[in-house]
Amino acid sequence: MTFTFRPLDPLKDAELLHSWLTHPKAAFWMMQEAKLEDVERAYMEIAADEHQQAYLGLRDGEPAFLMEKYDPAHRELVGLYDPQPGDVGMHFLVPPTDRPVHGFTRAVITAVMAYLFEDPAVERVVVEPDVSNKAVHALNEAVGFVPEREIQKPEKKALLSFCTRDHFFNRHSLAATGVSA
């Protein structure tokens, strides 16, 4: 599978994102009751923020997943851990489908990680999924994340986990990820 990434357009992509984020399988994104305008507003705020960005992941040119990256020294994790130089935070969402492809979500998170590590300044990726999201914990572990501890965020109890550049590349060959910018 080959994936590419493009910056999310908060207005043009809002309808698609709304369908993804309000689906029951996206419950951990806590936007189940969001209106289209709420999604537009949330992603316009991200687009205007120098400390976070949102991207659509494309498979064969078609939108296939959402990826957000953020600076954990300024967003999401402020005061909850000691950020290190080279840390970047990440969220990703693979939307539900009527025709699941075995291994697709793992291929997506692998591609997301490879994309983030294409930036030579990134040394470590930080995630903070809900402690009850066992499926994402397994995916995170598969690509090299190591859980550190549970933290209490305003909206959830989260599992703070890290994946260093070295740990990721020791597990994965970049050539096998099928990533291009």
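As the structure is a prediction and not an experimental result, all values here were calculated from the model. (Residues numbered from 1 in each chain as written. Predicted model: local features only at pLDDT ≥ 70, side-chain atom pairs only at ≥ 80, totals over all residues. Heavy atoms only, no water.)

Peer 1: Please give an account of the overall build of the protein chain that cites residues and values.
Peer 2: Each helix and strand counted, the protein chain has five helices and eight strands in total. Along the protein chain, helices and strands appear, N-terminal first, in the series β-α-α-β-β-β-α-β-α-β-β-α-β. Here the C-alpha radius of gyration of the protein chain, 15 Å, is about what a compact globule of 181 residues would show, namely 16 Å. If one aligns the C-alpha atoms of the protein chain with their principal axes, the spans along those axes are about 40 × 35 × 30 Å. The buried share among the 181 residues of the protein chain stands at 48%. Within the protein chain, contacts between residues separated by at least 24 positions form 63% of all contacts whose residues are at least 6 apart in sequence. Accessible area for the protein chain stands at about 9,500 Å²; split by element, carbon and sulfur atoms hold 52% of it. (Helix = DSSP H or I, 4+ residues; strand = E, 2+ residues; numbered from the N terminus. Rg over C-alpha atoms; globule rule 2.2 N^0.38 Å. Buried < 20%, exposed > 50% of the residue type's maximum accessible area, 1.4 Å probe, protein only. Contact = heavy atoms within 4.5 Å. Areas by Shrake-Rupley, 256 points an atom, 1.4 Å probe, with all protein chains shown as cover.)

Peer 1: So what's going on with the environment of Gln-84? Residues and values would help.
Peer 2: Note on placement: Gln-84 falls in the loop between β3 (62-70) and β4 (87-93). Taking the relative accessible area as the measure of exposure, Gln-84 reaches 41% and is therefore partly exposed.

Peer 1: Describe the packing of aromatic side chains, with residues and values.
Peer 2: Scanning the entire structure with this criterion turns up nine aromatic pairs. Pairing Tyr-55 with Tyr-115 gives two aromatic rings, centres 5.7 Å apart and planes at 70°, and the pair type is edge-to-face. With a gap of 60 residues between them, Tyr-55 in strand β2 (residues 52-59) and Tyr-115 in helix α3 (residues 104-117) connect regions that are remote in the sequence. The exposure classification of Tyr-55 matches that of Tyr-115, with both residues buried. (Phe/Tyr/Trp six-rings, centres within 6.5 Å; stacked < 30°, edge-to-face > 60°.)

Peer 1: Now, about the environment of Pro-85: what can you tell me, with residues and values included?
Peer 2: Tracing the backbone shows Pro-85 in the loop between β3 and β4. For the pair Pro-85 and Arg-124, spaced 39 residues apart in the sequence, the C-alpha separation amounts to 8.7 Å.

Peer 1: Residues and numbers for α3, please.
Peer 2: An ideal rise of 1.5 Å per residue puts 20 Å on 14 residues; α3 measures up with 20 Å between its terminal C-alpha atoms. Judged by how many residues are buried, α3 sits mostly within the fold: twelve of 14 residues are covered. (Expected span 1.5 Å × (residues − 1).)

Peer 1: Let's hear about the pairing of strand β5 (residues 124-127): which residues, and what values?
Peer 2: Burial of the side chains of β5 extends over both faces: Arg-124 and Val-126 are buried on one face and Val-125 and Val-127 on the other. Handedness of the β-α-β unit built from β4, α3 and β5 comes out right-handed. (Right-handed = clockwise from strand over helix to strand, strands pointing away.)

Peer 1: A description of the confidence of the model for the protein chain should follow, citing residues and the corresponding values.
Peer 2: In this model, the protein chain carries a mean pLDDT of 89, and residues with pLDDT of at least 70 account for 94%. Mean pLDDT across the secondary structure elements of the protein chain bottoms out at strand β8 (residues 179-180), with 48, and peaks at β5, with 97. (pLDDT = per-residue confidence, 0-100.)

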